[in-house]
Amino acid sequence: MLNNIYNIFFIPEIFLACSSFVCLLFGLFLKKNAFRQTSNLAVFVLLLTILLVYYDNESNFANYKSLFSHSSFINFFKILALLGSIASIIISKDYFLGIKLKNFEIPILLLFSTLGMMLMIASNNLMSMYLAIELQSLSLYVAAAIKRDSISSAESGVKYFILGALSSGILLYGFSLIYGFTGSMNFDDISFYLSKYENLNLGLIFGLVFVMVGLAFKVSAVPFHMWTPDVYEGAPNSITGFFAIVPKIAAVALIYRFCLVPFENFYLEWSQIILFLSIASMFLGAIAAIAQSNIKRLLAYSSIGHIGYILIALVAANDDGIKAASIYMFSYMIMNVAIFAILLSLKVKNEYLINISDLKGLSKSNPIVSLSISIIMLSMAGIPPFIGFFGKFYVFIAAIEQELYVLSVLGVLASVISAFYYLRIIKIMYFDEIKSEGIINFQISFQSKIILSLSLFVIICFIFYPSLLINISASLTI
Amino acid sequence: MIDWPLVSVIIFLPLIGALIILFIKEDELTSINIKWAALLATLGTFILSLILWLQFDYSNPSYQYEEKFRWFDDFNFFYHVGVDGISLFMILLSTFLTPLCILASWSNIKKRVKEYMLSFLFLETVMIGMFASIDILLFYIFFEAVLIPMYLIIGIWGGNRRIYASFKFFLYTLLGSVLMLIAIIVMYRNTSSMSIEFLQGNYFSYNTQLFLWLAFFASFAVKIPMWPFHTWLPDAHVEAPTAGSVILAGVLLKMGGYGFIRFSLGMLPEATEFFIPLIMTLSIVAIVYTSLVALAQTDIKKLIAYSSVAHMGIVTIGIFLVNQQGLEGAMMQMISHGLVSAALFLCVGVIYDRMHTREIEFYGGLVQRMPLYATVFMIFMLGSVGLPGTSGFIGEFLVIVGAFKFSSYVVIGAAFGIILSAVYMLYLYKRIIFGTISNNKLADILDINTREKIILIPLAISVILLGIFPNLFLDPMRLSLELIITNYEIANAK
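All values reported here derive from a predicted model rather than from experimental measurement.

## Let's talk about the overall build of chain B
Here comes step 1: What chain B contains, in helices and strands, is 20 helices and two strands.
Here comes step 2: The globule rule puts the C-alpha radius of gyration for 494 residues at 23 Å, and the 22 Å found for chain B is close to it.
Here comes step 3: Overall size of chain B, expressed as C-alpha extent along the three principal axes, is 70 × 55 × 40 Å.
Here comes step 4: For chain B, the proportion of its 494 residues judged to be buried stands at 67%.
Here comes step 5: When the accessible surface of chain B is summed, it comes to about 16200 Å², and 67% of that surface belongs to carbon and sulfur atoms.
Here comes step 6: Taking the average location of the 28 positive side-chain charges in chain B and that of its 31 negative ones, the two points are 9 Å from each other.

## Here we look at the overall build of chain A
Here comes step 1: Within chain A one finds 19 helices and three strands.
Here comes step 2: Whereas a compact globule of 478 residues would reach a radius of gyration of roughly 23 Å, chain A reaches 22 Å, a difference of no more than 12%.
Here comes step 3: If you line up chain A on its principal axes, its C-alpha atoms span 70 × 55 × 45 Å.
Here comes step 4: The burial tally for chain A puts 64% of its 478 residues in the buried class.
Here comes step 5: A separation threshold of at least 6 residues defines the contact pool for chain A, and within that pool the share at least 24 residues apart is 82%.
Here comes step 6: Counting every atom, chain A has about 17400 Å² of accessible surface; 65% of that belongs to carbon and sulfur.
Here comes step 7: Where the 27 positive side-chain charges of chain A centre and where its 24 negative ones centre are 13 Å apart.

## Some points on the packing of helix α1 (residues 12-29) of chain A against helix α2 (residues 34-55) of chain A
All names here are of chain A.
Here comes step 1: Between α1 and α2, the shortest axis-to-axis distance is 10 Å and the interhelical angle comes to 170°. The angle between α1 and α2 falls in the class roughly antiparallel. Contact residues: Pro12, Phe15, Leu16, Ser19, Cys23, Phe26 and Gly27 in α1; Ala34, Gln37, Thr38, Leu41, Ala42, Val45, Leu46, Leu48, Thr49, Leu52 and Val53 in α2.
Here comes step 2: When its residues are assigned to classes, the contact of α1 with α2 shows 13 nonpolar, five polar and no charged.

## What about the environment of Arg424 of chain A?
Here comes step 1: Within the secondary structure, Arg424 of chain A is located in helix α17 (residues 405-430).
Here comes step 2: Along the backbone, Arg424 of chain A and Phe29 of chain A are 395 residues apart, and their C-alpha atoms lie at a distance of 49 Å.

## Focus: a nonpolar patch on the surface
Residues and elements named next belong to chain B.
Here comes step 1: On the surface, a cluster of nonpolar side chains totalling about 600 Å² of accessible area is made up of Ile457, Ile461, Ile464, Leu465, Ile468, Phe469 and Leu472.
Here comes step 2: Broken down by element, the residue count for the nonpolar patch peaks at five residues, all from helix α19 (residues 450-468).
Here comes step 3: Inspection of the secondary structure assignment puts Leu472 in helix α20 (residues 471-493).
Here comes step 4: Judged by its relative accessible area of 36%, Leu472 falls in the partly exposed class.

## Some details on the pattern of salt bridges
Here comes step 1: A full pass over the atoms with the stated rule returns 17 salt bridges over all chains.
Here comes step 2: Here Asp230 of chain A makes a salt bridge to Arg297 of chain A, at a shortest N to O gap of 3.1 Å. One end of the pair, Asp230 of chain A, is in helix α9 (residues 227-234); the other, Arg297 of chain A, is in helix α12 (residues 295-316), with 67 residues separating them in the sequence.
Here comes step 3: A salt bridge links Arg354 of chain B to Glu452 of chain B; its shortest N-O distance comes to 2.8 Å.

## Observations regarding the packing of aromatic side chains
All names here are of chain B.
Here comes step 1: Per the stated rule, a full pass over the model turns up 74 aromatic pairs over all chains.
Here comes step 2: Between the aromatic rings of Phe89 and Phe473, the centroid separation amounts to 5.2 Å while the plane-to-plane angle is 50°, which identifies the pairing as tilted. Taken together, the positions of Phe89 in helix α3 (residues 85-104) and Phe473 in helix α20 put the pair 384 residues apart, joining distant regions of the chain.
Here comes step 3: Judged by its relative accessible area of 3%, Phe89 is buried.
Here comes step 4: Taking the relative accessible area as the measure of exposure, Phe473 reaches 9% and is therefore buried.
Here comes step 5: In this structure, Lys223 is placed above the aromatic ring of Phe143, and the distance from its NZ or CZ to the ring centre is 4.9 Å.
Here comes step 6: In this structure, Arg358 packs its charged tip against the face of Tyr352, placed 5.0 Å from the ring centre.

## A few points about the interface of chain B and chain A
Here comes step 1: Listed by partner, the interface residues are 34 residues for chain B and 41 residues for chain A.
Here comes step 2: The contact between chain B and chain A buries some 3500 Å² in all, and 77% of this surface belongs to carbon and sulfur atoms.
Here comes step 3: On the chain B side of the contact with chain A, Arg112, Ile182 and Arg189 of chain B bury the most area, a combined 16% of that side's loss.
Here comes step 4: Counting every contact that joins chain B to chain A gives three salt bridges.
Here comes step 5: For the side of chain B that touches chain A, the element with the highest residue contribution is helix α7 (residues 162-191) of chain B, accounting for 15 residues.
Here comes step 6: Residues belonging to the side of chain B that touches chain A are distributed by class as follows: 25 nonpolar, two polar and seven charged.

## Some thoughts on the packing of helix α1 (residues 6-22) of chain B against helix α4 (residues 113-132) of chain B
All names here are of chain B.
Here comes step 1: Their axes nearest at 9 Å, the elements α1 and α4 cross at an angle of 165°. Looking at the two axes, α1 sits roughly antiparallel to α4. Relative to α4, the crossing made by α1 is left-handed. Residue-level inspection shows Val7, Ile10, Ile11, Phe12, Pro14, Leu15, Gly17, Ala18, Ile21 and Leu22 of α1 in contact with α4, the latter providing Lys114, Met117, Leu118, Leu121, Phe122, Glu124, Thr125, Ile128, Gly129 and Ala132.
Here comes step 2: Here the residues of the contact of α1 with α4 are counted per class, giving 15 nonpolar, three polar and two charged.

## Here's the deal with helix α19 (residues 467-474) of chain A
Residue and element names in this part refer to chain A.
Here comes step 1: Where α19 is concerned, the buried positions are Ser467, Leu469, Ile470 and Ser473. In an axial view of α19, the angular spread of the buried residues amounts to 160°, which keeps them on one side of the axis.
Here comes step 2: The inward-facing, buried residues of α19 contact α3 (72-98), α13 (319-343) and α16 (387-401).

## Section: the sheet that holds strand β2 (residues 351-352) of chain A
Strands pair in a sheet through their backbones, by hydrogen bonds, and they do so in one of two ways: parallel or antiparallel.
Residues and elements named next belong to chain A.
Here comes step 1: The strand order across the open sheet formed by three strands is β2-β1-β3, and the pairing between neighbours is antiparallel. Two strands in the sheet have a free side with no partner beyond their single neighbour: β2 and β3 (440-442).
Here comes step 2: Strand direction decides the pairing type here: strand β1 (residues 346-348) and β2, joined by two bridges, are antiparallel. Residue pairing in the sheet places Lys347 in a bridge with Tyr352 of β2.

## Some details on the confidence of the model for chain A
Here comes step 1: Of the residues in chain A, 96% reach a pLDDT of 70 or more, and the chain-wide mean stands at 89.
Here comes step 2: When pLDDT is averaged over each helix and strand of chain A, the minimum, 81, is found for β3 of chain A and the maximum, 94, for helix α18 (residues 446-461) of chain A.

## Let's talk about unusual backbone geometry
Here comes step 1: Cis geometry marks the peptide bond from Val222 of chain A to Pro223 of chain A, where omega comes out at 5°.
Here comes step 2: One can find Pro223 of chain A in the loop between α8 (202-219) and α9.
Here comes step 3: Following Ile224 of chain B, the chain continues to Pro225 of chain B via a peptide bond in cis, the omega torsion being -25°.
Here comes step 4: Relative to the helices and strands, Pro225 of chain B is located in the loop between α9 (206-223) and α10 (232-239).
Here comes step 5: At Ser220 of chain A, a position not held by glycine, the phi torsion is positive, near 55°.
Here comes step 6: Considering the arrangement of structural elements, one finds Ser220 of chain A in the loop between α8 and α9.
Here comes step 7: A relative accessible area of 0% means that Ser220 of chain A is categorised as buried.
Here comes step 8: For Tyr65 of chain B, which is not glycine, the phi torsion reads 55° and is therefore positive.
Here comes step 9: Structurally, Tyr65 of chain B is set in strand β1 (residues 64-70).

## A word on the pairing of strand β2 (residues 78-83) of chain B
Residues and elements named next belong to chain B.
Here comes step 1: Within β2, six of the six residues are buried, which leaves it mostly tucked inside the rest of the structure.
Here comes step 2: In β2, alternate side chains face the same way, and those of Phe78, His80 and Gly82 on one face and Tyr79, Val81 and Val83 on the other are all buried.
Here comes step 3: Here β1 runs beside β2; their pairing, made up of five bridges, is antiparallel. Note on β2: the bridge partner recorded for Gln64 is Val83.

Calculation notes
- Residues numbered from 1 in each chain as written.
- Chains lettered and ligands numbered in written order.
- Predicted model: local features only at pLDDT ≥ 70, side-chain atom pairs only at ≥ 80, totals over all residues.
- Heavy atoms only, no water.
- Helix = DSSP H or I, 4+ residues; strand = E, 2+ residues; numbered from the N terminus.
- Rg over C-alpha atoms; globule rule 2.2 N^0.38 Å.
- Buried < 20%, exposed > 50% of the residue type's maximum accessible area, 1.4 Å probe, protein only.
- Areas by Shrake-Rupley, 256 points an atom, 1.4 Å probe, with all protein chains shown as cover.
- Lys, Arg positive; Asp, Glu negative; His and termini not counted.
- Charge placed at Lys NZ, Arg CZ, Asp CG, Glu CD.
- Contact = heavy atoms within 4.5 Å.
- Axes fitted to C-alpha atoms, helices over the stretch in contact; angles between N-to-C directions.
- Parallel < 35°, antiparallel > 145°, perpendicular 65-115°, else oblique.
- Nonpolar A, V, L, I, M, F, W, Y, C, P; charged D, E, K, R; others polar.
- Patch = residues over 30% accessible without salt bridge, like charges linked within 9 Å, V, L, I, M, F, W, Y side chains within 5 Å.
- Salt bridge = Lys/Arg side-chain N within 4 Å of Asp/Glu carboxyl O.
- Phe/Tyr/Trp six-rings, centres within 6.5 Å; stacked < 30°, edge-to-face > 60°.
- Lys NZ or Arg CZ within 6 Å of the ring centre and 35° of its normal.
- Buried area = accessible area lost by both parts, 1.4 Å probe.
- Left-handed = near helix turned anticlockwise from the far one by under 90°.
- Arc of directions from axis to C-beta.
- Pairing = 2+ DSSP bridges.
- pLDDT = per-residue confidence, 0-100.

Next up, the structure:
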């Protein structure tokens, strides 16, 4: 119960929505340094939102039960998304200033998209889910195209928009079928309705498949991944960083909730789809990345591969699976924050680094940076003792609990293939002969340095005290 | 007994050394400080590991110096380390060889000294950690972490084809070990325990054992390496810098043998019984085939690399005989090979540093200019052949004695391999040491200097010591091996 009408502003989503508008006004009336100030304010707002999410126990959203839900899983992913969002706004500040892109709207767009993600994660109704997805995507379409005078940025925005709109259309069609055959939009009602039946009828299966296709677009699982490398490549680096870090968190949480809440009794139906998506993503992500010369495309394929592993845990569909997903997602976020914090500060001949081959000789000129990149790459490849290994380890524990032996073996095989391209980056930095020196600059702002050091600390030191994260993720309920 | 965490100190002392080195700024003048820091850290570790041996309780077959802390709250994973008779000498081998490696790299590593020493110290930590782990997850983490420094050592400081060799090494061994990860998780799911000690009580059904065995086999057969999974080894050896080859041959290959004893024999006895013919066949093929291949090599390092595969064939035969002589022989052969092949690679390094080639053709008549070198080289060459009085003899002899209980065909195969090993080693020795100096470039080659003496003489002494007083080494491991054999026989008698 809301005892006091003002309490409504302490609901994290409402607080974030209102503060985003405040940020917008704030940016509008600032004459000087509008971008920098708005970014700082946005980070502050997001920090407050984290606090609100953390202390938001049960009470508030219960009133919106029909549209949104409340659980520890939701809260965990909300906090993860907010953290990712904070980190990516901080690390991209200097990059935007560096390429003279000072529109104060950028942090605002990211705030709105973060709001969309929080709603996505929490949604408990087909309608609210769709609206949240749209809020998130629309902000991101604009963000991808924010560098208006660059053809590639505009192209990437349009590509993202067209494919995103297509997937939304498919999603919506799936929703309509599900609504038509169950008579409800609410997850719990759908679940209750479906629990009365042994088999799904044909219309519901169609609806389920359509929704799965739409969600696969959002998490960029193979074969619906085509937009990812192109959009990653075209968008400004910092926006790419945001794409890689945050929307994935929300989309993964959403696909988990969608499979495990309304359709939990029809495991056999959806698990086949997810199984295929998972295997295809792992292998395509591993193989396609080998041929890339652009670091952003490489990271795009790498993220596709990571999605494959997270989907293994979804196929497992047990408590360990949820635990594995949250640990994996956390490690994924940390590793991506770290790698983008470095990429957004590396300049080759006064241009921001794009080609992998430009990393040549980095180990000579910036030993610490190249050591950090190596650690991140090994962690992404899942080599112990770094955090990436534990993500994969928990995923396989979940899979073997469910006796998915073949899937686990395929998963580890794909991880060996993917190790190749991660190692290739280390090879370029350390093994290749250096022709000329001193062209790579590494300039990093103090704030980004803190973010980078923190994430590296977590990557390296997770092994010493894993229980901190694991106890949290073990207690999550969907 | 010792009441402070000796094993953990031994494991992490090199890492602490690495952390200190990380903060030494590297330039022309200070690189010597880095080398000294690395040497002191590794020597300290070696001395501490000697305490391990001196205080070792010979009458206790299970783990000693145990340390156990809860590590994960949700599963039964522990930080659990300790030493028993089997791992004791593996740890000693690692701690003994690493300072020698640092010394061997003293003057021939000129670029990136800091990264080099960091890699070696990290490598030592993970090697010791791996042998000392009693928790399988901990074992696995160390087992895979070995790849990182080794990949860098081959890739940065290696020869011309170093990139190919380092990738092949990394991906080949990673492929083997990820299958082991699946097996480890399956084991945990069946028993809710990750303790090596606990799992040695045979808890798996026959069919599960077969699959688990194959997964472990994939990992250890690549590591040890067995024919036909050995192809990464010649490349890695040839391209690695001298010290890298030393560690690779001296310690990393033993990880495979150690794994076979602990996991295949200890935990999956019935499956082992089933697969013994496979192992025997592969081992005999390995011994004969790689010996013949070694005979045809023109590169000294490659020849020694192939001879390693043949010697490891003797080790796998010994392990899978599963009797007292066989296992003791396999352990002795592993220790002996660790010393002898390491020393041979160091010997190759000595002339490579001077002439920058490893072609056998290039050399000849070195005895004229390098008498001392010829002497130590001979000791190691004879150790590798297995001459009585050297360490190699004990291992091969025990394995053959054990093999008589199993099958005379195996004896014939193993003995044939030993004869072949004499052929290729003596032939190698003749070609590079004896004769007159035919190559003018060798006219003013210098004999081994003090630093090289410091490296090679302890190795020569220990090779002979091992050959004359094998009980010094066999006594501590005897009970631990007996325990494994007893468990194995009980499981298979059921």
